[in-house]
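# Coordinate analysis (summary)
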Amino acid sequence: MEPLNQFLEWVKKSDNIVFFGGAGVSTESGIPDFRSVDGLYNQQYDYPPETILSHTFYMRNKPEFYRFYRNKMLCLDAKPNAAHKKLAELEAAGKLKAVITQNIDGLHQAAGSKEVLELHGSVHRNYCQKCGKLFDAAYILNSQNIPLCDACGGDIKPDVVLYEEGLDNDTMQKAVRYISQADILIIGGTSLAVYPAAGLIDYYRGSKLALINKSATPMDGRADLRIEGKIGEVFSQIVLK
Ligand code: NAD
C-alpha cells in the first residue's frame, strides 16, 4: 500500500494516537523553522540563532537577545494551519491522546487542542524574574530594549527553554508516558536534531511509527512508514466522520 493510504488507514482504525512535532508544523502558518533552506539558521545575523537563544547569551546581552526574539520568535499574527486544526479534531473525536510539541508559538492551543505538552515552553508566558508577575506576548512585543515589570521594575524573561537550560521534568515524564503507551506515534515537522526532545522516540514501543517530514531526518530508519511532504497537506487528507 502507498505510505499515505497506509497512514490514513492506521489513523482511521486507532483511538490511541500521539503526535510529536516541531517547527515544521508551523511553517505553513508562516513561522520560519530553524533548519530549512529559508529557516532562521540560513539567514544572516551577527551571531548564530543557537548562540542568541542560549542561556549564556541571554544573561550577557539581553538587549540583543530581545532584538532577535521580537523580530523572529514573536509571530503573533500567525494562525493555525490544517495540521494544527486536524490534530485538534482528532483529539475531540477521541482518537488522539496528546500533542507533544517543541514549538513555542501556542498554535496548537489556538486550534483547540487541549492536551498539549510544550517541551520548550511558550512565548505566551513571560514572567518577572524578581516578583514573578506574568505578562503576555504583546507586552514583550510592545516593550523597548529589555522588557521590565510594571509592578517592581525587574527584568522579564520568556517562559521558553533556552539552549543550555533544562526541560521541565513533569512535562518530559508525561510525554514519555503518552509515547510509551501509544498505538500510533506520528512524528512530523521536526529535524529530530534537538536533544533531549528527539530522544523521546526511544520510548515508543509500538509498530506504527509514522514520520512526516519535508526532508530526511537522522531517524528515518526507525520509522515504520515515512511520508515526504508538507504536514498540513498530509493531515488535510484525514477524513473524520
Ligand atoms: P527544525 O527547524 O530543526 O526542523 C524543522 C523540520 O521540519 C525540517 O526537517 C524541515 O524539513 C521540516 N519541515 C518544514 N516545514 C515543513 C512542513 N510544512 N511539513 C513537513 N515538514 C516540514 O525544527 P525542530 O526540529 O522543531 O527544532 C528546532 C527548535 O526550534 C525547536 O526546539 C523549537 O522549539 C524551536 N522553534 C520553534 C518554532 C515555533 O514555535 N514555531 C519556530 C522555530 C524554531
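The present account deals with the structure reproduced in this document. The model shown is predicted, which means the values in this text are computed figures rather than measured ones.

## A look at the site of the ligand
Near the ligand you find 27 residues, and of these F34, R35, Q102, H120 and S191 are the closest. Contact with the protein chains hides 96% of the accessible area of the ligand, taken as 850 Å² for the molecule alone. Class assignment of the residues belonging to the shell around the ligand gives a composition of seven nonpolar, 14 polar and six charged.

## Thoughts on the packing of aromatic side chains
Counting across every chain of the model gives nine aromatic pairs. Here the aromatic rings of F7 and F235 are separated by 6.1 Å at their centres, their planes lie at 70°, and the arrangement is edge-to-face. One end of the pair, F7, is in helix α1 (residues 3-13); the other, F235, is in helix α9 (residues 231-236), with 228 residues separating them in the sequence. For F7, a relative accessible area of 0% puts it in the buried group. An angle of 70° between the planes, with centres 6.3 Å apart, marks the rings of Y58 and Y66 as edge-to-face.

## Comments concerning helix α8 (residues 169-181)
Helix length check: α8 (13 residues) gives 18 Å between terminal C-alpha atoms against 18 Å at 1.5 Å per residue, within 8%. Those residues of α8 that sit buried are T171, M172, A175, I179 and S180. End-on, the buried residues of α8 take up no more than an arc of 160°, which puts them together on one face. Exposed residues on α8 whose side chains face more than 90 degrees from its buried face are N169, D170 and Q181.

Reading guide: rules and limits
- Residues numbered from 1 in each chain as written.
- Predicted model: local features only at pLDDT ≥ 70, side-chain atom pairs only at ≥ 80, totals over all residues.
- Heavy atoms only, no water.
- Near = heavy atom within 4 Å.
- Areas by Shrake-Rupley, 256 points an atom, 1.4 Å probe, with all protein chains shown as cover.
- Nonpolar A, V, L, I, M, F, W, Y, C, P; charged D, E, K, R; others polar.
- Phe/Tyr/Trp six-rings, centres within 6.5 Å; stacked < 30°, edge-to-face > 60°.
- Helix = DSSP H or I, 4+ residues; strand = E, 2+ residues; numbered from the N terminus.
- Buried < 20%, exposed > 50% of the residue type's maximum accessible area, 1.4 Å probe, protein only.
- Expected span 1.5 Å × (residues − 1).
- Arc of directions from axis to C-beta.

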